[in-house]
Amino acid sequence: MRCKNCGEKFEPKFFLQKYCEKVDCKVKYAMSVVAKQKEDNLKKAKKESAHEKQVLKEKLKTLSDWKKEFQTEINSIVRTIDKGYPCIATNTTNGKMNAGHYIGVGANDTLRFHLENIWIQSEHSNSWKSGDTIRYQNGIVATFGKDYLDYMNSLQQIKPIKLTIEDVKEKIPIARGILKWLKLQDRKFTIEERISLRQEFNQKIGLYNN
């Protein structure tokens, strides 16, 4: 073994010994240990600081902030179930695709997370056509039938749900688990599955079971 400091050969007295027994080399070793400890302490402090900032950030989140985070997961679920299908309103695949609400959040906040109220929709149709309601309805009828559109309209009868921050925080990991499972399937779902998966996941998330 050659000393890491002076380069001379020596016989190690303990496992992974890198410095020989000369005074200068022992000092160099001690300094390296101190430097390593400082580096480790700094990394630990940075990690703890980042964690504390994350905890503080979450404490400062409002109910609206948590709902937006949950909505992001719900929208991703919708886009993943509907992957490979055209915009529900325009029947085109042009441009960026959104998860478009049939009954808008402003009109009925309770239905904002209901998976059967949200379908793949082009950003132009969703954002620039104020929901494109008439064509949205026509698309639902053409794809799923008039009875299903009637069912979607009946969602308005669901009683208002008053969610707390804890309620929403509890649902986010469930939604993320669903999304992870969906992505692992890596396939285009059938027309029937687009409905059945929404129904299954609504039950699993548990906001609209009653």
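A brief structural summary. (Residues numbered from 1 in each chain as written. Predicted model: local features only at pLDDT ≥ 70, side-chain atom pairs only at ≥ 80, totals over all residues. Heavy atoms only, no water.)

**Points about the overall build of the protein**
Inference 1: Assigned secondary structure in the protein consists of seven helices and two strands.
Inference 2: When its helices and strands are written in sequence order, the protein yields α-α-β-β-α-α-α-α-α.
Inference 3: Against the compact-globule benchmark of 17 Å for 210 residues, the protein has a radius of gyration of 29 Å, which places it well outside the compact range.
Inference 4: Here the protein holds 210 residues, and the buried ones make up 35% of them.
Inference 5: In the protein, the proportion of contacts linking residues at least 24 apart, taken out of those at least 6 apart, comes to 66%.
Inference 6: Only carbon and sulfur atoms are counted for the fraction: they give 54% of the accessible area of the protein, which is about 13500 Å².
Inference 7: Counting 39 positive and 26 negative side-chain charges, the protein places the centres of these two groups 6 Å from one another. (Helix = DSSP H or I, 4+ residues; strand = E, 2+ residues; numbered from the N terminus. Rg over C-alpha atoms; globule rule 2.2 N^0.38 Å. Buried < 20%, exposed > 50% of the residue type's maximum accessible area, 1.4 Å probe, protein only. Contact = heavy atoms within 4.5 Å. Areas by Shrake-Rupley, 256 points an atom, 1.4 Å probe, with all protein chains shown as cover. Lys, Arg positive; Asp, Glu negative; His and termini not counted. Charge placed at Lys NZ, Arg CZ, Asp CG, Glu CD.)

**Things to note about the environment of Lys4**
Inference 1: Within the element layout of this structure, Lys4 appears in the segment before helix H1 (23-60).
Inference 2: In this structure Lys4 comes out as exposed when scored by relative accessible area, which is 57%.
Inference 3: Distance in space between the C-alpha atoms of Lys4 and Lys18 is 5.6 Å, their sequence separation being 14 residues.
Inference 4: If we skip the residues at most four places from it in the chain, Lys4 touches Lys18 and Tyr19.

**Re the nonpolar core**
Inference 1: Residues Phe70, Ile74, Ile77, Phe113, Leu182, Phe201 and Leu207 are the most contacted members of the largest nonpolar core, which totals 23 residues.
Inference 2: Among the secondary structure elements, those contributing two or more residues to this core are helix H2 (63-81), helix H6 (165-185) and helix H7 (191-205).
Inference 3: For Ile74, the contacting residues outside a window of four places in its chain are Phe113, Leu115, Ile118 and Ile205.
Inference 4: Core analysis: the second largest hydrophobic core is formed by 17 residues, Met97, Tyr136, Leu149 and Leu155 among them. (Core = buried A, V, L, I, M, F, W, Y, C linked by side-chain atoms within 4.5 Å.)

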